[in-house]
Amino acid sequence: MELEDIIAVNELFIPIYPYLARQIAQEYGRKNGQALEIGPYGPGISLELARLLPELSITVGDDSPGTGAYLRQKIEQAGLEGRIKVREIDKYHLPLLSDSVDLVYFRGALFFWQDTVELVKEACRVLKAGGLAMLGGGLGAYTPEELVTEIVPRSQELNRRLAKAVLTREDAGRIIERAGVTDQARLDTRRGLWIIVRK
């Protein structure tokens, strides 16, 4: 996975992030707590959540080469380095205690990595009771149609280059089952596919 393609996807989604942040904030239903954004497809959602929920403490991170510097640069450009921390994070073995985070989100989690079951398990492991995890992606439930139409051709081209997997609701249901969170999880398929877990 080339850093320049990851950056291209992240930059393309800039106008979409406010709508994805709104969707996540609405699901979360709280104004404060500890949040964690996993993966290289950031920190756009985190920047918008920091503005939307000023009391939320946010950490972002990934272990893809060069991602940390890119995340720091974007956060500094937004003037939010005091609000959002960056650290190297192995998405399969999160360097966090169990039951330590209130909100976890990972855009791209289901489409670009092989062991999606382990990603879901790890996200749920670090969640506190009552916490929320949103793992998946797409254009979001609230994104205006004109923005969708505008970015879809370039998005599809980049997704092909990044070997994005195609998943069905049934595929996501099997991931939920194998991760052992059937009783806590549901799917949101509004212009995307998100596994939503309320612990």
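Here's what I pulled together on the structure shown here. Note that the structure is predicted; figures quoted are calculated from it, not measured.

### Things to note about the overall build of the chain
(1) Moving on: Scanning the chain from terminus to terminus reveals seven helices and seven strands.
(2) Moving on: Along its sequence from the N terminus, the chain presents helices and strands in the succession α-α-β-α-β-α-β-β-α-β-α-α-β-β.
(3) Moving on: For the chain, the C-alpha radius of gyration of 15 Å lies close to 16 Å, the compact-globule estimate for 199 residues.
(4) Moving on: A principal-axis box enclosing the C-alpha atoms of the chain has dimensions of 40 × 35 × 30 Å.
(5) Moving on: Expressed as a percentage of the 199 residues in the chain, the buried residues total 51%.

### Looking at the pairing of strand β6 (residues 185-188)
(1) Moving on: As judged from the four bridges shared by β6 and strand β7 (residues 192-198), these two strands associate in the antiparallel manner. Within β7, the position partnered with aspartate 188 by the bridge is tryptophan 194.
(2) Moving on: Joining the antiparallel neighbours β6 and β7 is a turn of three residues, in which arginine 191 adopts a positive phi near 50 degrees.

### Observations concerning the packing of aromatic side chains
(1) Moving on: Across all of its chains, the model carries five aromatic pairs by this definition.
(2) Moving on: A ring pair is formed by tyrosine 41 and tryptophan 113, whose centres lie 6.1 Å apart and whose planes are at 70 degrees; its orientation type is edge-to-face. Here tyrosine 41, found in the loop between β1 (32-38) and α3 (44-52), pairs with tryptophan 113, found in the loop between β4 (101-107) and α5 (116-126); they are 72 residues apart in sequence, far enough to count as distant. Taken individually, tyrosine 41 and tryptophan 113 each receive the classification buried, so the pair is uniform in this respect.
(3) Moving on: Between phenylalanine 112 and tryptophan 113, the aromatic rings sit 6.1 Å apart at their centres with planes inclined by 75 degrees, giving edge-to-face as the arrangement.

### Let's talk about the packing of helix α2 (residues 17-28) against α3
(1) Moving on: Interaxial distance between α2 and α3 falls to 8 Å at its minimum, and their mutual angle equals 65 degrees. The two elements α2 and α3 meet at a crossing, and its hand is right-handed. Facing Tyr17, Pro18, Leu20, Ala21, Arg22, Ile24 and Ala25 of α2, the residues of α3 in contact are Gly44, Ile45, Glu48, Leu49 and Leu52.
(2) Moving on: Here the residues of the contact of α2 with α3 are counted per class, giving nine nonpolar, one polar and two charged.

Definitions and limits used
Residues numbered from 1 in each chain as written. Predicted model: local features only at pLDDT ≥ 70, side-chain atom pairs only at ≥ 80, totals over all residues. Heavy atoms only, no water. Helix = DSSP H or I, 4+ residues; strand = E, 2+ residues; numbered from the N terminus. Rg over C-alpha atoms; globule rule 2.2 N^0.38 Å. Buried < 20%, exposed > 50% of the residue type's maximum accessible area, 1.4 Å probe, protein only. Pairing = 2+ DSSP bridges. Phe/Tyr/Trp six-rings, centres within 6.5 Å; stacked < 30°, edge-to-face > 60°. Axes fitted to C-alpha atoms, helices over the stretch in contact; angles between N-to-C directions. Left-handed = near helix turned anticlockwise from the far one by under 90°. Contact = heavy atoms within 4.5 Å. Nonpolar A, V, L, I, M, F, W, Y, C, P; charged D, E, K, R; others polar.

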